[in-house]
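The lines below spell out each chain.
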Amino acid sequence: MLDLLKDLWEFLKVRKKFWLAPIILVLVLLGALIVLSEGSAVAPFIYTLF
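How each quantity is defined
Residues numbered from 1 in each chain as written. Predicted model: local features only at pLDDT ≥ 70, side-chain atom pairs only at ≥ 80, totals over all residues. Heavy atoms only, no water. Phe/Tyr/Trp six-rings, centres within 6.5 Å; stacked < 30°, edge-to-face > 60°. Helix = DSSP H or I, 4+ residues; strand = E, 2+ residues; numbered from the N terminus. Expected span 1.5 Å × (residues − 1). Buried < 20%, exposed > 50% of the residue type's maximum accessible area, 1.4 Å probe, protein only. Salt bridge = Lys/Arg side-chain N within 4 Å of Asp/Glu carboxyl O.

Glancing now at the packing of aromatic side chains. Counted by the stated rule, this structure contains 1 aromatic pair. Both rings, one in Trp9 and one in Phe18, keep their centres 5.8 Å apart while their planes meet at 55°; by these two values the pair is tilted.

Below you can see the structure in the form of structure tokens.
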């Protein structure tokens, strides 16, 4: 996992694609939110946001 992040950062740095970093961060956070709330009592409240 750490190698993937390091390779991704190198790609962004070499290709000067720093504008992709916030998009990737938001996608990872949304994915983590969905996975972590899948079986909890908070799930109905989170799903109403989308």
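Having put the structure on the table, let's press on.
Mapping Leu5 onto the fold places it in helix α1 (residues 2–15). The spacing of Leu5 and Gly39 is 34 residues in sequence and 28 Å in space, taken between C-alpha atoms.

Right, let's get into α1. For α1, which comprises 14 residues, the first-to-last C-alpha distance of 20 Å matches the rise-based estimate of 20 Å (1.5 Å per residue) to within 8%. Taken across its 14 residues, α1 has 1 buried, putting it largely on the surface. Following α1 by one or two positions, Lys16 has its phi on the positive side, about 55°.

Further remarks concern the pattern of salt bridges. Inspection of the entire model under this criterion finds 1 salt bridge. A salt bridge links Glu10 to Lys13; the shortest N-O distance between them is 3.5 Å. Here Lys13 and Glu10 lie together in helix α1, a separation of 3 residues that amounts to about one turn. According to the relative accessible area criterion, Glu10 is partly exposed, its value standing at 36%.

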